[in-house]
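Survey of secondary and tertiary structure
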Amino acid sequence: MDEMARWALVVEETDGIGDNRLWAPKVLAEIEGTREEALAELKRIVPGYRPQHPVTDRQRTLLRDGDAYLLITRGSMRDYHCVFRVWELLWDSKRPEIQQERLRDNPAG
């Protein structure tokens, strides 16, 4: 049985141009509930996601591997990609109540 938890829906996308390209992770949403509920929400939002690059795409290809998605977008000069995943949110230094909730729900760790 899947436990109730707090989940982050995360996209990691290429950001920048040429040699200055980086991976830029971003939390798209947080879901309280089961992992299955978080995965269902990710499945709902991924097809409509518009990455920062390219500004105008010529082609979009969406792939899935288990619970992860890969969006490949072809721009006029190069391709970009995004990876989408669900992660359990365990701790946030700016929101200590998250860690406290986690410890209260699971005293063993």
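Details of the structure are given in the entry above.
Attention here is on the structure that accompanies the text. Model, not experiment: these values are computed from the prediction. (Residues numbered from 1 in each chain as written. Predicted model: local features only at pLDDT ≥ 70, side-chain atom pairs only at ≥ 80, totals over all residues. Heavy atoms only, no water.)

This part is about the environment of Phe84. Here Phe84 shows up in strand β5 (residues 79-88). You can call Phe84 buried: its relative accessible area is 0%. Setting aside its immediate chain neighbours within four residues, Phe84 contacts Val10, Val11, Leu28, Leu42, Val46, Tyr49, Asp67, Ala68, Tyr69 and Leu71. (Helix = DSSP H or I, 4+ residues; strand = E, 2+ residues; numbered from the N terminus. Buried < 20%, exposed > 50% of the residue type's maximum accessible area, 1.4 Å probe, protein only. Contact = heavy atoms within 4.5 Å.)

Quick look at the sheet that holds strand β3 (residues 59-65) now. Remark on secondary structure: sheet strands pair via backbone hydrogen bonds, oriented parallel or antiparallel. Read across the sheet, five strands follow the order β2-β1-β5-β4-β3 without closing on themselves; strand pairing throughout is antiparallel. Each having just a single partner strand, β2 (22-33) and β3 make up the two edges of the open sheet. If you compare each strand with its neighbour and ignore which way they point, the axes differ by 20° on average. Both β3 and strand β4 (residues 68-74) contribute to a ladder of seven bridges, which runs antiparallel. When the sheet's bridge partners are listed, Leu62 is paired in β4 with Leu71. (Pairing = 2+ DSSP bridges. Axes fitted to C-alpha atoms, helices over the stretch in contact; angles between N-to-C directions.)

Glancing now at the nonpolar core. Counting residues in each nonpolar core, the largest one holds 15 residues, and the members touching the most others are Leu9, Ala38, Leu42, Cys82, Phe84 and Val86. If you list the elements that add at least two residues to this core, you get β1 (5-15), α1 (35-45), β4 and β5. With residues near it in sequence (within four places) discarded, Cys82 still touches Val11, Glu12, Glu13, Tyr49, Pro51, Tyr69, Leu70 and Leu71. (Core = buried A, V, L, I, M, F, W, Y, C linked by side-chain atoms within 4.5 Å.)

The next subject is the pairing of β4. Between β3 and β4, which pair antiparallel in sequence order, lie two residues; one of them, Gly66, sits at a positive phi of approximately 65°. Sheet analysis places β4 next to β5, joined by six bridges and oriented antiparallel. Residue pairing across strands places Arg74 opposite Asp79, the latter belonging to β5. Count of turn residues in the β4/β5 antiparallel hairpin: four residues.

With that out of the way, let us pick up the pattern of salt bridges. In the structure shown here, the tally under the stated rule is eight salt bridges. Here Glu30 and Arg6 are joined by a salt bridge, their closest N and O atoms 3.6 Å apart. With a gap of 24 residues between them, Glu30 in strand β2 and Arg6 in strand β1 connect regions that are remote in the sequence. Since its relative accessible area comes to 16%, Arg6 is described here as buried. Note that Glu30 and Arg95 form a salt bridge whose closest N and O atoms lie 2.6 Å from each other. Taken together, the positions of Glu30 in strand β2 and Arg95 in the loop between β5 and α2 (96-105) put the pair 65 residues apart, joining distant regions of the chain. Salt bridges sharing partners connect three or more residues here, namely Arg6, Glu30, Glu32, Asp92 and Arg95. (Salt bridge = Lys/Arg side-chain N within 4 Å of Asp/Glu carboxyl O.)

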